[in-house]
Amino acid sequence: MKENMKNNGKFRVVNITPKILISHYDLQAIRHIVDIAPQEAQWFHRLEKIELNSTTYYRIYEMYIPEQYCSAAEVESDPMMMVKMFKDLKEEHGLEKTNEILGTLTCWCHSHHNMGVGPSGQDVKQFTKQVKDAHDAQVTLPQMMMIFNKKDVFYNKIYDPEYGL
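Reference entry: report on the structure contained in this document. (Residues numbered from 1 in each chain as written. Predicted model: local features only at pLDDT ≥ 70, side-chain atom pairs only at ≥ 80, totals over all residues. Heavy atoms only, no water.)

1. Remarks on unusual backbone geometry
Moving on, step 1. Look at Glu62: it is not a glycine, yet its phi comes out positive at around 55°.
Moving on, step 2. Residue position: Glu62 is located in strand E4 (residues 55-64).
Moving on, step 3. We note that Gln138 has phi near 60°; this positive angle belongs to a residue other than glycine.
Moving on, step 4. Mapping Gln138 onto the fold places it in the loop between helix H4 (121-136) and strand E8 (143-148).
Moving on, step 5. In this structure Gln138 comes out as exposed when scored by relative accessible area, which is 68%. (Helix = DSSP H or I, 4+ residues; strand = E, 2+ residues; numbered from the N terminus. Buried < 20%, exposed > 50% of the residue type's maximum accessible area, 1.4 Å probe, protein only.)

2. Remarks on the nonpolar core
Moving on, step 1. Counting 16 residues, the largest nonpolar core has Trp43, Cys107, Met144, Met146 and Phe148 as its most contacted members.
Moving on, step 2. Elements that contribute at least two residues to this core include exactly helix H1 (24-36), strand E3 (42-52), E4, strand E7 (107-111), E8 and strand E9 (153-159).
Moving on, step 3. Sequence-distant contacts of Met144, that is, excluding residues within four places in its chain, are made with Leu47, Tyr58, Ile60, Thr106, Cys107, Trp108, Phe127, Gln130, Asn156, Lys157 and Ile158.
Moving on, step 4. Among the nonpolar cores identified, the runner-up in size contains 15 residues, and Ile101, Leu105, Trp108 and Val117 belong to it. (Core = buried A, V, L, I, M, F, W, Y, C linked by side-chain atoms within 4.5 Å. Contact = heavy atoms within 4.5 Å.)

3. Let's talk about the environment of Asn99
Moving on, step 1. Summarising the element assignment, Asn99 is placed in helix H3 (residues 95-103).
Moving on, step 2. A sequence separation of 13 residues divides Asn99 from Phe86, and the C-alpha atoms of the two residues are 8.9 Å apart.

Here it is as structure tokens:
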């Protein structure tokens with residue numbers, strides 16, 4: 001078994017040190033995708049914020065992988081691919097459960113293959129749009145971006161509307 005993944009810095013929000021919770025199963029699924037993807041890949045997780053004993057936890061769970069175009073330096077799912085993912089979820093879970101899933105699908109993840117995990121200009125642009133779209137839709141859940149590579153290193157950025165940061 002591999003050791004823990006290494007992050008590429010400290011995870012802090014002002015004077016709060018939040019913690020990320022992920023099951024071993026979900027972490028192994030991430031590692032599997034990163035290991036087998038010949039180029040970049042992307043996926044989403046549901047996200048839950050938990051406040052417990054003055055500590056903020058962000059729990060990511062349940063992975064969802066849309067169809068996507070992949071290259072050595074970028075990955076994209078066009079709107080039709082996202083509509084197909086919605087239809088597939090609806091067929092499997094029904095409309096009510098699908099809406100619940102999509103309402104908490106606020107953790108966007110992707111791989112950087114063998115490159116460093118620091119966000120590219122496109123990554124920053126896409127995450128900024130994700131945060132703006134969530135704000136415009138009055139989504140109150142935090143938005144998260146995670147980037148992984150084959151060196152078992154990850155990058156994480158979160159926007160928490162409660163803190164406005």
